[in-house]
Amino acid sequence: MTDSKYFTTTKKGEIFELKAELNSDKKEKKKEAVKKVIASMTVGKDVSALFPDVVNCMQTDNLELKKLVYLYLMNYAKSQPDMAIMAVNTFVKDCEDPNPLIRALAVRTMGCIRVDKITEYLCEPLRKCLKDEDPYVRKTAAVCVAKLHDINAQLVEDQGFLDTLKDLISDSNPMVVANAVAALSEIAESHPSSNLLDLNPQSINKLLTALNECTEWGQIFILDCLADYAPKDDREAQSICERVTPRLSHANSAVVLSAVKVLMKFMEMLSKDLDYYSTLLKKLAPPLVTLLSAEPELQYVALRNINLIVQKRPEILKHEMKVFFVKYNDPIYVKLEKLDIMIRLASQANIAQVLAELKEYATEVDVDFVRKAVRAIGRCAIKVESAERCVSTLLDLIQTKVSYVVQEAVVVIKDIFRKYPNKYESVIATLCENLDSLDEPEARAAMTWIVGEYAERIDNADELLEGFLEGFHDESTQVQLQLLTAIVKLFLKKPTETQGLVQQVLSLATQDSDNPDLRDRGYIYWRLLSTDPVAAKEVVLAEKPLISEETDLIEPTLLDELICYIGTLASVYHKPPSAFVEGGRGVVLKSLPPRTASSESTESPETTPAGVPTGEQPDAIPAQGDLLGDLLNLDLGPPASGPPLPASSVQMAAVDLLGGGLDSLMGDEPEGIGGPNFAAPPAAAAPANVGAAMGSGLSDLFDLTSGVGTLSGSYVAPKAVWLPAMKAKGLEISGTFTRQVGSISMDLQLTNKALQVMTDFAIQFNRNSFGLAPAAPLQIHAPLSPNQTVEISLPLSTVGSVMKMEPLNNLQVAVKNNIDVFYFSTLYPLHILFVEDGKMDRQMFLATWKDIPSENEAQFQIRDCPLSADAASGRLQSSNIFTVARRNVEGQDMLYQSLKLTNGIWVLAELRVQPGNPSFTLSLKCRAPEVSRHVYQAYETILKN
């Protein structure tokens, strides 16, 4: 009979009946009762009232009954911790049972009962089980240590379980080894600096021996552990690779990807001259190809990993193009991933085959896929130097007259023109014939760009652009901006025929448009054309840099990190774990091992991307997470050099820009761009307040002299302990940051509290918000003896890699010595980034303050600061916060201040000081508002110290 009878409802008084049955003398009745209890628990009924009665049933030799009771115990121990203690004696007794299955069951259940009161009672049984004669018990106990560490880490360390776990790596049974490695890896993840897996050639040899005999999941744990090992030389790396290679033929795809990860990492250390290196490349291709015959979900994971591998080593799969051809029944996510890899593998040798395939895809029914296929043809044209085939394929597709195909083709042909100027312009006529069928913004913008760029070759360019202009207000911003630029280009090439057209578009852009980007561009062109047509020509018709296919490659350092995470979620997302893993666990930064000298000398030609000269790395577009880097590198204020503009010229510029029109260009210009005068735009076009603002309203606030401060140097915080000795095997690091005469330094104090000499120091920073990086190596000339302290000043630069950190001023540091690598993070004060030329001209301050949107303004209170306005101004100036102007309003001193960060961001401030009141009010305005809170913290630090 099946177990369904236990799930049927019973009469009233169910708990009472079960209680009676549990206390029955008959073993069979007891077992039936426990099954009913488990059934009730499974469907969500509360049977915790039966806890004492079920626990009494533990005293049995019947393995099935014992398993059921343990299952109940795991479920209810947390809600009944006092009752659970009753079971401790039975656990202890079961851990000494002659049956190894019962011993293992007891230790497994102990690990699952997450009750603090019980854990200390379980240490002794666990210690015995870790040294049990039966491997099944030992492997279960190894996992139990990891579970216990999660509940009470200190207890596990005090009881010496971690050392016992390390000893199990040398166990004779492969499954015990695998579980010990899994447990240590799990514990090491939550304690990144603990270095629990202290691997050496002997332990690696034991792991490789166990690798051949343990289960597939055991193999994955061991392979992941091997991937974190750093071989001492290329010979050891090759030896490990030889012993891992057989795993590539495993049936489990997770084992295959873990093996690929190990091989990809250790290949970095092998010389490309070696015969073994080329053999290994050949061996890596078949398992990756085999993964693509699995179900679609597995295919997708494999393809995302292959995408990374192809970017790192395209030579592995360069002969396997056909396996990436799309099948009719592939899901769209697999199709798009295959398409991406096909482009990455495209080369001069296989371009004909690839184009024939892509042309076929362009006739599919799935519109999104067709668009991607046409885009792919364009990307191939940019990647592979001879693009004739690609262009002729695109022209064939345009002849199909299918609207969305034509539009995508126009977009990619624009990019081909950018890559190969003056080579394929003969196709412009064909494009112009299809002008009427373009209705998508991107295609219309691309076509407008082509007409403007090649206006001198198109007889009726003015008519074509005039056609676009008729519906100017109905176009998207993208098309409007492109149309404005195209007509200005046309005017500079054919001035006499198109003056009416250019005035019309400038009028539409500046007067009738609500879009600030469009208005700004219109005013800039208007100003350029009205003051200096030669400069306008140089700006608008400047030679454009060639575009590169490499813009979609993953940035090299990120790619190296992702290669270390092959077979994990990071390799599917193409993001490092720190970007999507939240929580308290430290994420260890992984990187590929350094190349050996022999492997650096012979770079394979295949690894250099097409179109990039050997020795040059292509510029890569940063990932989405890096975009703050672009934001922070923008110069969001006035230029740092050059004389300040006098007030009168600023006023005149504003008025002339908005009201003067293009008269001067057409009336006075001798360069040959002539013709009748333009009509000046109507007076309404000049927002009077811009010109007027310079001479009235707030401008009188600049009538007083600026505050003068002393030049005593920027405030330096006292040294703090950044890395305690207990976390760094006896190395203690304290430090602070300083800025002196434009140079930033990290002042470090290193103390050796260990019993051995420390040497070979080196330091490295992770990417950070402001590009801080060591400007010189960490030079400690003499070995650091026990109890010795050394102080050193490390010069810093701000030209390192940029990535937004949380918080913004977080700095992650790695320090290496002869013992190990240690990681710590610290927060640097933002005032070390305030530069010496941060004093803004008064008129410019006023104009910039008004120009920054009011929502970017932040207000803060600085309390307990009993300084006068003069003292505050002087103290701030010594840290490069400059007082631009000052005035007194109703007894309050108002200081107007500016500062500039090393990456060009300007911050404007208004500091209100009420004599006798120790609280200051600080208002900050900045185009990058995320900086404001850190600037406020810098103010508070400087004023209070």
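Residues numbered from 1 in each chain as written. Predicted model: local features only at pLDDT ≥ 70, side-chain atom pairs only at ≥ 80, totals over all residues. Heavy atoms only, no water.

Per an unreviewed UniProt entry, the protein chain goes by AP complex subunit beta and derives from Erinaceus europaeus. Recorded in UniProt for the protein chain, the comment headed Subcellular location (unreviewed entry) runs: "Endomembrane system". For the protein chain, the Sequence similarities (unreviewed entry) comment in UniProt is given as "Belongs to the adaptor complexes large subunit family." (UniProt positions renumbered as here; feature names shortened; annotations may be inferred.)

Q: Got a minute to help me understand the overall build of the protein chain in this structure?
A: Summing up its helical and strand segments, the protein chain has 41 helices and 13 strands in all. Here the protein chain holds 945 residues, and 50% of them are scored as buried. Taken as a whole, the protein chain presents about 43,100 Å² of accessible surface, with 52% of it coming from carbon and sulfur. (Helix = DSSP H or I, 4+ residues; strand = E, 2+ residues; numbered from the N terminus. Buried < 20%, exposed > 50% of the residue type's maximum accessible area, 1.4 Å probe, protein only. Areas by Shrake-Rupley, 256 points an atom, 1.4 Å probe, with all protein chains shown as cover.)

Q: Can you help me understand the sheet that holds strand β2 (residues 731-740) in this one?
A: Strand pairing in a sheet relies on backbone hydrogen bonds. The paired strands run either parallel or antiparallel. Read from one edge to the other, the open sheet built from 5 strands follows the order β1-β2-β3-β6-β5, with strand pairing classed as antiparallel. Only two strands of the sheet have a single neighbouring strand rather than two, namely β1 (720-723) and β5 (773-774). (Pairing = 2+ DSSP bridges.)

Q: Mind showing me how you'd approach the pattern of salt bridges here?
A: A pair can form between side chains of opposite charge whenever their charged atoms are brought close. A complete count under the given rule lists 32 salt bridges for this structure. Each of R371, R375, E408, E440 and E442 takes part in salt bridges that share partners, so that together they form one network. (Salt bridge = Lys/Arg side-chain N within 4 Å of Asp/Glu carboxyl O.)

Q: When you look at the packing of aromatic side chains in this model, what are you seeing that I'm missing?
A: Two descriptors summarise a pair of aromatic rings, namely the distance from one centre to the other and the angle between the planes of the rings. Inspection of the entire model under this criterion finds 11 aromatic pairs. Relative to Y454, the ring of F417 lies with its centre 5.3 Å away and its plane at 75°, an arrangement referred to as edge-to-face. Here F417, found in helix α24 (residues 403-419), pairs with Y454, found in the loop between α26 (441-453) and α27 (461-470); they are 37 residues apart in sequence, far enough to count as distant. Take F417: its relative accessible area is 1%, and that puts it in the buried class. The interplanar angle of 70° and the centroid separation of 6.1 Å between the aromatic rings of F737 and Y828 together place this pair among those described as edge-to-face. Placement of F737 in strand β2 and of Y828 in the loop between β8 (821-827) and α39 (842-851) is noted, with a sequence separation of 91 residues between them. (Phe/Tyr/Trp six-rings, centres within 6.5 Å; stacked < 30°, edge-to-face > 60°.)

Q: What am I meant to see in the nonpolar core here?
A: Soluble globular proteins: nonpolar side chains tend toward being buried together. In terms of nonpolar packing, the biggest core is built from 210 residues, with Y72, L126, V244 and F417 touching the most fellow members. Discounting residues that sit within four places of it in the chain, L126 has contacts with V107, M110, A141, C144, V145, L148 and F161. Membership of the second largest hydrophobic core comes to 64 residues, among which are L723, L750, A858 and I942. (Core = buried A, V, L, I, M, F, W, Y, C linked by side-chain atoms within 4.5 Å. Contact = heavy atoms within 4.5 Å.)

Q: For this particular structure, what's the right way to read the side chain of T883?
A: Mapped onto the elements, T883 comes out in strand β10 (residues 882-889). Exposure remark for T883: the relative accessible area of 0% places this residue in the buried category. At a separation of 2.8 Å, a polar atom in the side chain of T883 contacts the side chain of S873. (Polar contact = N/O pair within 3.5 Å; in protein donor to acceptor, adjacent residues only side chain to side chain.)

Q: Could you clarify how one ought to interpret the side chain of N307 in this entry?
A: Inspection of the secondary structure assignment puts N307 in helix α19 (residues 296-312). Within the local environment of N307, its side chain forms a polar contact with the side chain of R344, the two groups lying 2.7 Å apart. Residues contacting N307, with those up to four places away along its chain left out, are E337, D340, I341, R344 and H574.

Q: Honestly, the packing of α26 against helix α28 (residues 477-493) in this entry has me stumped. Any pointers?
A: Packed helix pairs are characterised by how far apart their axes lie and by the angle those axes make with each other. At a minimum axis separation of 8 Å, α26 and α28 run at an interaxial angle of 10°. The orientation of α26 relative to α28 falls into the category roughly parallel. When α26 is examined against α28, the residues P441, E442, R444, A445, T448, W449, G452 and E453 are found in contact with a partner set consisting of Q478, V479, Q482, L483, A486, K489 and K493. A class-by-class count of the residues in the contact of α26 with α28 yields 6 nonpolar, 4 polar and 5 charged. (Axes fitted to C-alpha atoms, helices over the stretch in contact; angles between N-to-C directions. Parallel < 35°, antiparallel > 145°, perpendicular 65-115°, else oblique. Nonpolar A, V, L, I, M, F, W, Y, C, P; charged D, E, K, R; others polar.)

Q: What am I meant to see in the sheet that holds β8 here?
A: Across the sheet, which stays open at both edges, the 3 strands sit in the order β4-β7-β8 with antiparallel pairing between neighbours. The two strands at the open ends of the sheet, each matched to only one other strand, are β4 (762-765) and β8. Strand-to-strand, the axes of this sheet are offset by a mean angle of 25°, without reference to chain direction. As judged from the 4 bridges shared by β4 and strand β7 (residues 810-816), these two strands associate in the antiparallel manner. Bridged to A762 within β7 is K816.

Q: What is the right way to read unusual backbone geometry from this model?
A: Residues apart from glycine generally show negative phi values, whereas peptide bonds are mostly found in trans. Across the junction of E806 and P807, the peptide omega takes the value -5°, indicating a cis bond. With respect to the secondary-structure elements, P807 resides in the loop between β6 (789-797) and β7. Its identity is not glycine, yet D864 carries a phi of approximately 55°, on the positive side. With respect to the secondary-structure elements, D864 resides in the loop between β9 (857-862) and α40 (869-877). Not every positive phi belongs to a glycine, and N880 is a case in point at roughly 65°. Of note, N880 is situated in the loop between α40 and β10.

Q: What's the story with a nonpolar patch on the surface in this structure? I'm lost.
A: A contiguous nonpolar surface patch, about 220 Å² in accessible area, is contributed by I332, Y333 and L336. With relative accessibility at 35%, the residue I332 sits in the partly exposed group. (Patch = residues over 30% accessible without salt bridge, like charges linked within 9 Å, V, L, I, M, F, W, Y side chains within 5 Å.)

Q: So what exactly am I meant to see when it comes to helix α2 (residues 27-42) here?
A: The α-helix advances 3.6 residues per turn, and as a result positions three or four apart in sequence lie on the same side. Across its 16 residues, α2 extends 23 Å between first and last C-alpha, which sits within 8% of the 22 Å expected from 1.5 Å per residue. Where α2 is concerned, the buried positions are K31, A33, V34, K35, V37, I38, A39, S40 and M41. Looking at the buried positions of α2, the neighbouring elements they touch are α1 (14-22), α3 (51-56) and α4 (63-76). Backbone geometry just after α2 places G44 at a positive phi near 100°. (Expected span 1.5 Å × (residues − 1).)

Q: Can you help me understand the packing of helix α10 (residues 135-151) against helix α13 (residues 174-190) in this one?
A: Direction vectors running N to C along α10 and α13 enclose 5°, while the axes themselves pass 8 Å from each other. By the angle between their axes, α10 is roughly parallel relative to α13. Side by side, α10 and α13 meet where P135, R138, K139, A142, V143, V145, A146 and H149 of the first sit next to M175, V176, N179, A180, A183, E186, I187 and S190 of the second. Its residues assigned to classes, the contact of α10 with α13 comprises 10 nonpolar, 3 polar and 3 charged.

Q: Would you explain the pairing of β7 in this entry?
A: In the case of a regular strand, side chains alternate between the two sheet surfaces. Counting buried positions along β7 yields 5 of 7 residues, so the element is predominantly enclosed. Relative to β8, β7 runs antiparallel, the two being bridged by 7 bridges. Residue pairing across strands places L811 opposite T826, the latter belonging to β8. What sits between β7 and β8 in their antiparallel hairpin is a turn of 4 residues.

Q: Honestly, the environment of L317 in this entry has me stumped. Any pointers?
A: Tracing the chain through its elements places L317 in the loop between α19 and α20 (332-345). The spacing of L317 and I306 is 11 residues in sequence and 9.0 Å in space, taken between C-alpha atoms. In this structure L317 touches A285, L288, V289, I306, V310, F324 and L345, once residues within four positions along its chain are discounted.

Q: Can you walk me through the pairing of strand β11 (residues 892-900) in this structure?
A: Within β11, 8 of the 9 residues are buried, which leaves it mostly tucked inside the rest of the structure. Alignment of β10 against β11, held across 7 bridges, turns out to be antiparallel. Across the sheet, the residue bridging to A885 is Y896, located in β11. What sits between the antiparallel neighbours β10 and β11 is a turn of 2 residues, in which E890 has the positive phi angle 50°. Relative to strand β12 (residues 906-913), β11 runs antiparallel, the two sharing 8 bridges. Across the sheet, Y896 pairs through a bridge with E910, a residue of β12. What sits between β11 and β12 in their antiparallel hairpin is a turn of 5 residues, with G904 showing a positive phi close to 90°.

Q: Whenever I open this one, the confidence of the model for the protein chain confuses me. Can you help?
A: In low-pLDDT regions, the fine details of the predicted coordinates are not to be read closely. Here the protein chain shows a mean pLDDT of 79. Residues at 70 or above account for 85%. Residue range residues 597-712 is modelled with pLDDT below 50. Its contacts to residues more than four positions away, or to other chains, number 187 contacts. (pLDDT = per-residue confidence, 0-100.)

Q: Can you help me understand helix α32 (residues 556-563) in this one?
A: Those residues of α32 that fall on the buried side of the exposure criterion are L558, L559, E561, L562 and I563. Against the buried residues of α32 lie α17 (253-267), α19 and α33 (569-573).

Q: Please explain the environment of G467 as it appears in this structure.
A: Inspection of the secondary structure assignment puts G467 in helix α27. For the pair G467 and D436, spaced 31 residues apart in sequence, the C-alpha separation works out to 9.9 Å.

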